[in-house]
Each structure stands twice: as structure tokens, then as C-alpha cells.
Amino acid sequence: MPQTFTLRAGHLALADLRDLEAGGVAVTLDPAAHEAIDASVETVRAVIRENRTVYGVNTGFGSLARTRIADAELAELQRRLVLSHAAGTGPALSDPVVRLVLLLKANGLARGHSGVRREAIEMLLKLYGADALPMIPAKGSVGASGDLAPLAHMTAAMIGQGAIKLKGEAMPAAAALAKLGLKPVALEAKEGLALLNGTQVSTALAAAALLATERLFQAALVSGSLCVDAAAGSDVPFDPRIQAVRGQPGQIEVAKLYRAILDSSEIRQSHIDCDRVQDPYSLRCQPQVMGAALDMLRFAAGVVEREMNAVSDNPLVFADKGEILSGGNFHAEPVAMAADVAAIALSEIGSIAERRIALLTDSRMSGLPAFLVPEPGLNSGFMIAHVTAAALASENKGLSHPASVDSLPTSANQEDHVSMATWGARRLHDIADNVTAIVAIELLAAAQGVELRRPLKTSPTLEPVMAAIRKKAAFWDQDRAMAPDIEAVKGLIERGIFREASGFSLF
């Protein structure tokens, strides 16, 4: 039986999206939203009855805002707006992202400041529930005035234009709606503009990236801990007193997690009185680096969660005063800056993980066989796996360049400063995928290192992690193809299996 979820307008949490991004959930709109929705629609209709001129209701758009449109052409105005703005290009957005786009758009419209009827909002939820996902090209938005092109492709599907992927099969939108017994939406005044104006694509991309980030952060905590034992490192740098005198909350939190993960390790106990004075930074400074990343990711998550619940189209309806006001909530600068912060944090997680792989493969640093393999020379072991990690970490440096500092004017200079939030959020997926691969390589390398220290065991928390890795990738006793092992462990990370071992939640 499918799960159910009641969408309370303006009260969506990132934690809710853990289940919602995968689909298979029946989402219904809380009836408490109906009154505000209906009032906003009536306000728009009153503007038309009273023959007032209001941007987005009975005018052109962008630099054509001074052109008054006759009442008889208002529905056609909305249809043409949607079709002309469906100008995206590139590969389609992923299914999880499109699901979130549908939900976030419904959530924002349901707050009752957009003048969009319940029927249109319900159509978004019906498409989500039927796994009928508009095919939205990934490229073509500058993040102001909202995500116009991608949201136009979403809206086009609602009116029977464009394409829909119905349970994985791409087909014309009209055919998909017919199969579902749904009639295309006939847009009324302002509705097309409200549907394609807003930050929901940028925000959905950022939210989906943060969900992936939570899973890889869990894995990175585990892989970093496993590396400590593989390298016969010390847990002294995780002492709570060290963290307390600095006072950074992320550092304090992750150090506590490292202590818990490594607790009762036989490997640690075996060298507790050794003469090594200090470990390299990639082991010793994990709380400082991962803690700083955590603080930045939590900041980004707060911005994104607020934007998930925002009303970000334009103009906005304030039914209590009968007013429709033009503003700039479509400008996605908050999302762009949050994405930039998240990009830097993600890249640093990958950067320090790559350094730990390098440490383990260097016999002078780790005390293990060169490149973590018996008979080095005949075997190359993890030599090129580390090269792959280095390549990915370097690629992330370029991807982490801030998107929000870029701007190009559009719409005949009417829209003269834009956020580039859509690209900023979209590239997070490339960075996260790279870091996931780096951490997968680290897990393989650390598991190899721990096994080379047998019969000593790692901690009770990490021994089940070792078993899970070994179900996917055997001990490396001689050279074989490495790529399948990396992909298999990436799959473990993406499925979130390290949540329990890490004890960590981002939100």
C-alpha cells in the first residue's frame, strides 16, 4: 500500500524529502489551504472585472510589461507565454528532481499568494502521484526571473504540450494525460505566469543535492574513521576538550561521532603507547575540516528549506487588501549563494578524503605494503584508484567556483541582474557524485588496510561496515579490475547504508 503525505502549505521540511524524492507516495493537499487559494483567485478576477491594469494579469511580460492585453485574450496570453518560454535545452532533469519540482511548485502556490486555482495545484500533485513526470531540459535558466524555461516545460505538460515520462516511458504529454484520464489544464489569467515564475527548479536541484550530501557525509565519517585504524592513527585529536576550547559546533559534533565510531577498536588499543607523536593533518584534523563543512552545509540547508516553502513568483496577491504587488521574490540569489557554500563544503570533504587515500597507499606514511597490496611491483594495487580520486578532487576545484558572482542581463536589460542559481545548484550533483566516488575509493582502501592488520579488529561499529564492503568487493590479494568495486561501493553510499554506523543526520 503506498505511503501517504499531507502537504501543508509552507510547512515542507528537507527531512520529508527523503521519502518524497523517490515517489510512490500519495500526496494530498491540506484542505486548510483552500480558503487562501480561493481568495487569491478571486482577487485576480476582481482586477479583470474592475478593468484595472496589473502586471502579469492583463499585460505583456518582461520588457513588454507596458503592453495592455484585452480581456478576451487573457487565456490565450497565458498559453502563449508557456509555449514561448519552453525554450530549454540539454538532457532532462532526473526523475527525483522533477518530483521535487512538482511538489515545491504546489507547495508555494498553495500558500494563496499566486492567484492559481486549486485545479491547477491538484494537477501538479496528480502528476507526482501517477509518476507522470514532465520532461524538463536541465539547461536554460539564469535563476531570475525565476526558473522560467524549465518551469515552462513543466507547465506545458500540464496543458497537454511537450512530453511526460509516465512510469519511465517518455511520450507526448497529451497522450500521458489521456492514459491517466486527466484533462489538460485550461489556464486562466495569471496562472501561466505563476506556474513558470519562481525558484522551484533551482531549489529542487539544491534540495536533492543536499539529500545526496547527507548520505555521502555519513559515509565520509565512516571512511575517515576506518582510515584512522588502517593507518594505525590516534583518536586523541577527537578528545572533547580539544573541541570545546575552540567552540565551533560542527567540529564538536563530528568529533563526538568519530569517538563513538572508533570506540573499543582493538587496532587502536594495540598501539596506544606507540612513539608516534602526531598523525598527518588528514587524520588529525578531521573534526576541524568535516566540522566546518557541516556548519556550512547546515547553513545551506536552512536557506534551501526556507526557499522550499517560499512564495517566489511575481506579482504576488494579497487578498486581505485586494492588492497585487510586483516585487522580486523570483530572484534566486539565496539559493545561488547557498549552493556556492555547499559546493565548497562538498569539495573539501572530497579533498581531505583524497589525502587519506594517498596516505594509506604510501608505505612510508602508513606502515602498510606499498599501494595496499601483497607483492607490490608485481601488483599495482590501489595506485590508479588513488589517481582517480585525485582527478575527481581536482575537477571539483573548478566546479566549486562561485556561480552567484556571475550575471548576464536578459530580456532587453529589464532583467539586468540574475543569480545563476540553477547552474549553481545543478553542478552540486556533479560534485556530490565525484565525492561519492572518492569516498568509495577511501572505503575500499581503508578496508584493505584494516585487513592487512588482521588478526586485530577495528571497532564494533566498523566491523559490520567491513562486512558490508566485503559483500561487494573482496580483499585485494592480486590485481583485478578496480572499477566494478568502486561502483559497487558507490551504490552502498547512495543507498544510505552508512547512516546507522555514522550516527549522523544533516537535518
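Nothing here was measured: the structure is a model prediction, and the numbers come from that model.

Colleague: What is the right way to look at the overall build of the protein chain in this model?
Modeller: On a plain count of helices and strands, the protein chain comes out with 21 helices and nine strands. Taking 23 Å as the expected radius of gyration for a compact globule of 507 residues, we find that the protein chain reaches 26 Å, a close match to that expectation. Summarising its shape, the C-alpha atoms of the protein chain cover approximately 85 × 50 × 45 Å along the three principal directions. The proportion of buried residues among the 507 residues of the protein chain is 55%. Long-range contacts, defined here as pairs at least 24 residues apart, represent 78% of the contacts in the protein chain between residues at least 6 apart. Accessible area of the protein chain: about 20500 Å², with a carbon and sulfur share of 55%. Of the charged side chains in the protein chain, 48 are positive and 56 negative; the average position of the first set lies 1 Å away from that of the second.

Colleague: How should the packing of aromatic side chains be read in this particular structure?
Modeller: Two aromatic rings, taken as a pair, are described by how far apart their centres are and by the angle between their planes. Taken as a whole, this structure holds four aromatic pairs when the rule is applied. Both rings, one in F217 and one in F504, keep their centres 4.6 Å apart while their planes meet at 25 degrees; by these two values the pair is stacked. Of this pair, F217 sits in helix 9 (residues 200-230) while F504 sits in the segment after helix 21 (499-502), placing them 287 residues apart in sequence. Taken as a pair, F217 and F504 share a single burial class, namely buried. Measuring from ring centre to ring centre gives 5.8 Å for F382 and W476, while their planes differ by 55 degrees; the resulting arrangement is tilted. Separated by 94 residues along the polypeptide, F382 in the loop between helix 16 (363-366) and helix 17 (383-399) and W476 in the loop between helix 19 (462-472) and helix 20 (483-494) bring together distant segments of the chain. Across the pair, exposure class does not vary: F382 and W476 are buried alike.

Colleague: Which parts of the structure should I look at to understand the pattern of salt bridges?
Modeller: Close approach of charged atoms lets side chains of opposite charge pair. The tally for this structure, following the rule as stated, stands at 25 salt bridges. Between E21 and R215 there is a salt bridge, with its nearest N and O atoms 3.5 Å apart. In this pair, E21 sits in the loop between helix 1 (17-20) and strand 2 (25-29) while R215 sits in helix 9, placing the two residues 194 residues apart along the sequence. Close ionic contact of R45 with E188 constitutes a salt bridge, the shortest N to O distance being 3.0 Å. On the criterion of sequence distance, the pair formed by R45 in helix 2 (residues 34-49) and E188 in the loop between helix 7 (173-180) and helix 8 (191-196) is long-range, its members being 143 residues apart.

Colleague: Explain the side chain of D485 to me, please; I cannot follow it from the model alone.
Modeller: Structurally, the position occupied by D485 is in helix 20. For D485, a relative accessible area of 8% translates into the label buried. At 2.8 Å, the side chain of D485 forms a polar contact with the side chain of R480. Apart from the residues within four sequence positions on either side, D485 is in contact with L444, K472, A473, W476 and R480.

Colleague: Just checking my understanding: could you explain the pairing of strand 7 (residues 169-172) for this structure?
Modeller: Consecutive residues of a regular strand have side chains that alternate between opposite faces of the sheet. Pairing of strand 6 (residues 163-166) with strand 7, which is carried by four bridges, proceeds in the antiparallel orientation. Residue pairing in the sheet places K165 in a bridge with A170 of strand 7.

Colleague: Where do I start with the sheet that holds strand 4 (residues 132-134) in this structure?
Modeller: Strands pair in a sheet through their backbones, by hydrogen bonds, and they do so in one of two ways: parallel or antiparallel. An order of 4-6-7 is seen for the three strands of this open sheet, with the pairing classed as antiparallel. If you trace the sheet from one side to the other, it starts and ends with strand 4 and strand 7, each paired once. Looking at each pair of strands side by side, their axes are set apart by 35 degrees on average, direction ignored. Of the strands in this sheet, strand 4, strand 6 and strand 7 touch helix 7, which is tilted by about 105 degrees from strand 7.

Colleague: For this particular structure, what's the right way to read the packing of helix 19 against helix 20?
Modeller: A pair of packed helices can be characterised by two numbers: the angle between their axes and the separation between those axes. Across the interface, helix 19 lies against helix 20 with an axial gap of 9 Å and an inter-helix angle of 135 degrees. With respect to helix 20, the axis of helix 19 lies oblique. At the point where helix 19 passes helix 20, the crossing takes the right-handed sense. Note on element contacts: helix 20 touches helix 19 through D485, A488 and L492, opposite A468, I469 and K472. The class makeup of the residues in the contact of helix 19 with helix 20 is four nonpolar, no polar and two charged.

Colleague: What is the right way to read the side chain of N197 from this model?
Modeller: Structurally, N197 is set in the loop between helix 8 and helix 9. In terms of polar contacts, N197 uses its side chain to reach the side chain of S145, at 2.9 Å. The residues touching N197, leaving out its near neighbours within four places in the chain, are K105, S145, G146, L148, L151, S312, D313, N314 and F330.

Colleague: So what exactly am I meant to see when it comes to the environment of V439 here?
Modeller: Looking at the secondary structure, you find V439 in helix 18 (residues 421-451). For the pair formed by V439 and G250, sequence separation is 189 residues and the distance between their alpha carbons is 20 Å. Residues within four places of V439 in sequence aside, it is in contact with A219, A220, S223, A353 and I493.

Colleague: Help me out: how do you make sense of empty space enclosed by the protein in this one?
Modeller: To find leftover empty space, a probe the size of one water molecule is rolled over the atoms. As enumerated under the stated definition, the model contains two cavities of 30 Å³ or more in all. Considered as a void within the structure, the largest cavity measures approximately 40 Å³ in volume. Forming the boundary of the largest cavity are A92, L93, D95, V98, L133, P134, M135 and K165. Elements with a contribution of two residues or more to the lining of the largest cavity: helix 4 (95-109) and strand 4. Empty space within the second largest cavity amounts to approximately 40 Å³. In terms of lining residues, the second largest cavity is bounded by F382, L444, Q448, R470, A474, W476, R480, M482 and D485. Classifying every residue of the lining of the second largest cavity by side-chain character gives five nonpolar, one polar and three charged.

Rules used throughout
Residues numbered from 1 in each chain as written. Predicted model: local features only at pLDDT ≥ 70, side-chain atom pairs only at ≥ 80, totals over all residues. Heavy atoms only, no water. Helix = DSSP H or I, 4+ residues; strand = E, 2+ residues; numbered from the N terminus. Rg over C-alpha atoms; globule rule 2.2 N^0.38 Å. Buried < 20%, exposed > 50% of the residue type's maximum accessible area, 1.4 Å probe, protein only. Contact = heavy atoms within 4.5 Å. Areas by Shrake-Rupley, 256 points an atom, 1.4 Å probe, with all protein chains shown as cover. Lys, Arg positive; Asp, Glu negative; His and termini not counted. Charge placed at Lys NZ, Arg CZ, Asp CG, Glu CD. Phe/Tyr/Trp six-rings, centres within 6.5 Å; stacked < 30°, edge-to-face > 60°. Salt bridge = Lys/Arg side-chain N within 4 Å of Asp/Glu carboxyl O. Polar contact = N/O pair within 3.5 Å; in protein donor to acceptor, adjacent residues only side chain to side chain. Pairing = 2+ DSSP bridges. Axes fitted to C-alpha atoms, helices over the stretch in contact; angles between N-to-C directions. Parallel < 35°, antiparallel > 145°, perpendicular 65-115°, else oblique. Left-handed = near helix turned anticlockwise from the far one by under 90°. Nonpolar A, V, L, I, M, F, W, Y, C, P; charged D, E, K, R; others polar. 1 Å grid on protein atoms, 1.4 Å probe; cavity = no way out; pocket = protein on both sides within 12 Å on 5 of 7 lines; lining within 4 Å. Points joined across faces, edges and corners; volume = space filled by probe spheres on them.

Geometric descriptors of this kind do not, in isolation, establish any biological role.
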